[in-house]
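Listed below are the residues making up each chain.
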Amino acid sequence: MNTTLRSGKPGSIDATILLVPKLKRVTAADRPEDDRLAKAFETARKRPEFTGDVGSFVEIGEGRDRVIVLSIGETEKNDPQIVRVAAGKVTAALHARQLASVELVLSPTVKKTLDAKTVASAFTEGLGLAAFRYERFKKNGNAKPTTLTLRSADAATRRAIGEGAALAESTNFARELQATPPNVATPYYIADQAKKLASGKGSRLKCTVFRGDALKKNKFVGLINVGQASDHKPCMIQLEYRSKKANAPTVVLIGKTLTFDTGGLSLKINNGMRSMKYDKSGGTAVLGTMHAIRNRDLPCHVIALLPAAENAISDEAYRPDDILEYPNGVSVEVTNTDAEGRLVLADALHYASRKFKPAAIIDLATLTGAIVAALGDHMAGLFCADDTLRDRVRDAAGKSGEQLWHMPLTQEHRDALESTHADVVNAPLGRAGGACTAAAFLERFVQPTDKWVHLDIAGTATSDRPHPIYTPGPTGFGVRLLTHLLETWPKR
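Nothing here was measured: the structure is a model prediction, and the numbers come from that model.

Novice: Even after reading the chapter, I still don't get a nonpolar patch on the surface, so can you show me in this structure?
Specialist: Among the surface-exposed residues, L265, L267 and I313 lie close enough to one another that they form a single nonpolar patch of about 250 Å² accessible area. Tracing the chain through its elements places L267 in the loop between β10 (257-261) and α9 (281-293).

Novice: Please explain the sheet that holds strand β5 (residues 101-106) as it appears in this structure.
Specialist: Hydrogen bonds between backbone atoms are what pair the strands of a sheet, whose relative direction is either parallel or antiparallel. Strand order in the open sheet made by the six strands is β1-β6-β5-β2-β4-β3, with mixed pairing throughout. Two strands in the sheet have a free side with no partner beyond their single neighbour: β1 (3-8) and β3 (57-60). When the angles between neighbouring strand axes are averaged without regard to direction, this sheet yields 25 degrees. Contacts from helix α2 (residues 80-96) reach β1, β2 (15-20), β3, β4 (67-71) and β6 (146-151) within the one sheet, and its direction differs from that of β4 by about 155 degrees. Packed on one face of the sheet, helix α5 (residues 155-179) meets β1, β5 and β6 and runs near 160 degrees to β1.

Novice: I would appreciate a short explanation of the packing of helix α6 (residues 187-199) against α9 in the present structure.
Specialist: Between two packed helices, the angle of one axis relative to the other and the distance separating the axes together describe the packing. Between α6 and α9, the least distance of the axes is 11 Å, while the angle of their chain directions is 10 degrees. Judged on the interaxial angle alone, α9 and α6 are roughly parallel. On α9, the residues that touch I190, Q193, A194 and L197 of α6 are L287, M290 and H291.

Novice: Teacher, can you tell me more about a positive patch on the surface here?
Specialist: Where like charges cluster on the molecular surface, the positive patch consists of K219, R354, K355 and K357. Topologically, R354 is positioned in helix α10 (residues 341-356). On the accessibility criterion, R354 (37% relative accessible area) is partly exposed.

Novice: In this structure, what is going on with the packing of aromatic side chains? I would like to understand it.
Specialist: To describe a pair of aromatic rings, you give the distance between the ring centres and the angle between the ring planes. One pass over the full model with this rule turns up seven aromatic pairs. Aromatic pair Y134 and F137: ring centres 6.4 Å apart, planes at 55 degrees, arrangement tilted. With a centroid separation of 5.3 Å and 45 degrees between ring planes, the pair formed by F441 and F445 is classed as tilted. Exposure remark for F441: the relative accessible area of 0% places this residue in the buried category. Linked through ring pairs, F210, F220, Y351 and F356 together constitute an aromatic cluster. A cation sits over an aromatic face here: R211 above Y188, 4.2 Å from the ring centre. The cationic tip of R392 hangs over the ring face of W489; the distance from NZ or CZ to the ring centre is 4.2 Å.

Calculation criteria
- Residues numbered from 1 in each chain as written.
- Predicted model: local features only at pLDDT ≥ 70, side-chain atom pairs only at ≥ 80, totals over all residues.
- Heavy atoms only, no water.
- Patch = residues over 30% accessible without salt bridge, like charges linked within 9 Å, V, L, I, M, F, W, Y side chains within 5 Å.
- Areas by Shrake-Rupley, 256 points an atom, 1.4 Å probe, with all protein chains shown as cover.
- Salt bridge = Lys/Arg side-chain N within 4 Å of Asp/Glu carboxyl O.
- Helix = DSSP H or I, 4+ residues; strand = E, 2+ residues; numbered from the N terminus.
- Pairing = 2+ DSSP bridges.
- Axes fitted to C-alpha atoms, helices over the stretch in contact; angles between N-to-C directions.
- Contact = heavy atoms within 4.5 Å.
- Parallel < 35°, antiparallel > 145°, perpendicular 65-115°, else oblique.
- Lys, Arg positive; Asp, Glu negative; His and termini not counted.
- Charge placed at Lys NZ, Arg CZ, Asp CG, Glu CD.
- Buried < 20%, exposed > 50% of the residue type's maximum accessible area, 1.4 Å probe, protein only.
- Phe/Tyr/Trp six-rings, centres within 6.5 Å; stacked < 30°, edge-to-face > 60°.
- Lys NZ or Arg CZ within 6 Å of the ring centre and 35° of its normal.

Next up, the structure:
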């Protein structure tokens, strides 16, 4: 059901999609000016199955005269996520009818109460996200994606449709990598995808991959130790985007990229390894973001770092009781080899702080089960001590519909990491406050003056149950959030 979305000028169409508000809010003024659409609208209002709730729709007419009247609910809420959900609920119907070209029309009330460009972009995003399926290894999974052209008479709306389509494509690029199995998506495979992204037409990215002796030279001790048991050797992937703006600030994005996690010698039990291919979701979200910005003009430089490794088991595996010495002088006693993500993120955080002197560092990681216990599967944990940066990240989350909750990081969480034989342990023996103690560990590898954001996406990276814009599986959480954030980054 994967669908390629395009923007188009008025032309041949298979149907018209008319977006209307919740029916109880409709007045005579909301009747479309076009007689054909007006008749369809009045007919839809009389249909008992058309409740007017978000995503409720009815079809009037056939062929080119077909009008799909779709409700986007309470327009007073002015929430683009509602529009995405409405689009997601109509996606299957559009696909089932094999529509190749539709006209997107906003009713007068929707135009009046909502920003037309935001609606068009969000609607297109919703269609693209809802159409995603990972079927690479199915018998008929290599079928060519269908193409749907969304037409509009308004040039600004067409541009917004194109922007929404591109953002959905980048998110689905990340989802494709998320779902790719670990026998294919090894650390070097992810590195190859980054190289392809940098070499693509119009790309403004530069890719560097550190492996072997280069890891030792840069003292990436966490990555070396976590990945040393696997035949699929670790690497640090660096993608660089340079802005054309003079004196542009630098933002570093870091994504945990564990291509598979057995737990190491602290072996996962009770089927706990199931779905551990998704432990690379932070890295794929960052890669999806770089896909989104690769040929855009941004007001900032962007550096992406993906510490990629497979946490496996062999006689070469790192052990509980090992002590790792990081180049910033922090020694770490390993208490649990299944708390490996923070060890590889420590490498990237320290490298980013030392090498790039960034305006901000933002890391994404499927880091702890504790964040899932605290916030569920629809909200990620946000750790950030800088009020201005935190508010800007939250604003970007609101635009993308990807929810965050600000989590605490206190001295008590830092004290829980005390070690008898080293500076810190990688994981306290107790489980209390696990998401917060993990953030406290990461904090040791940024400078006190660094503006740093940690997003624990363990609950939001995948969806276990159907959602209007996600089938069960990967969500690409973070791609749209980070893209919105970077597009509006302030000058120094």
